[in-house]
Amino acid sequence: MARATPLTPKQRKFVAEYVANGANMSEAARRAGYAESSAPNSGHRLMKIPHVIAAIREEAEKLLNSNVIIGAQT
């Protein structure tokens, strides 16, 4: 299912970082280029945008379906 609204470059980077770093919103926002001081708020705000959430789901599903071994941090 395609998203109706395209992601901005920063949103696209946030999605990739969010999936890659174990769903840490603040760190994903920092790595995506959002200001250090507002990264927690930016991450929280991004997680309320339906097309960003849809992109995260798609990216996570791709990762799960790619037969990649996913390790859990202890």
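Preceding block: the structure.
Parameters at a glance
- Residues numbered from 1 in each chain as written.
- Predicted model: local features only at pLDDT ≥ 70, side-chain atom pairs only at ≥ 80, totals over all residues.
- Heavy atoms only, no water.
- Helix = DSSP H or I, 4+ residues; strand = E, 2+ residues; numbered from the N terminus.
- Buried < 20%, exposed > 50% of the residue type's maximum accessible area, 1.4 Å probe, protein only.
- Phe/Tyr/Trp six-rings, centres within 6.5 Å; stacked < 30°, edge-to-face > 60°.
- Lys NZ or Arg CZ within 6 Å of the ring centre and 35° of its normal.
- Contact = heavy atoms within 4.5 Å.
- Expected span 1.5 Å × (residues − 1).
- Arc of directions from axis to C-beta.

## Description of unusual backbone geometry
In step 1: A positive phi angle, close to 70°, is found at Ala 23, a residue other than glycine.
In step 2: Of note, Ala 23 is situated in the loop between helix 1 (9–20) and helix 2 (25–31).
In step 3: Taking the relative accessible area as the measure of exposure, Ala 23 reaches 43% and is therefore partly exposed.

## Describing the packing of aromatic side chains
In step 1: For the structure on display, the rule yields one aromatic pair.
In step 2: Over the ring of Tyr 34 we find Lys 10, and its NZ or CZ is 4.7 Å from the ring centre.

## A short note on the side chain of Gln 11
In step 1: As for its position among the elements, Gln 11 is in helix 1.
In step 2: Gln 11 has contacts with Pro 6, Tyr 34, Leu 46, Ile 49, His 51 and Val 52, leaving out every residue within four places of it along the chain.

## A short note on helix 4 (residues 50–65)
In step 1: In this model, helix 4 (16 residues) spans 22 Å end to end at C-alpha, consistent with the 22 Å of a helix rising 1.5 Å per residue.
In step 2: Along helix 4, the residues that are buried comprise His 51, Val 52, Ala 55 and Ile 56. Across the axial projection of helix 4, the buried residues extend over an arc of 145°, all falling on one side. Turned more than 90 degrees off the buried face of helix 4, the exposed positions are Pro 50, Arg 57, Glu 61, Leu 64 and Asn 65.
In step 3: Those residues of helix 4 hidden inside the fold are in contact with helix 1 and helix 3 (39–46).

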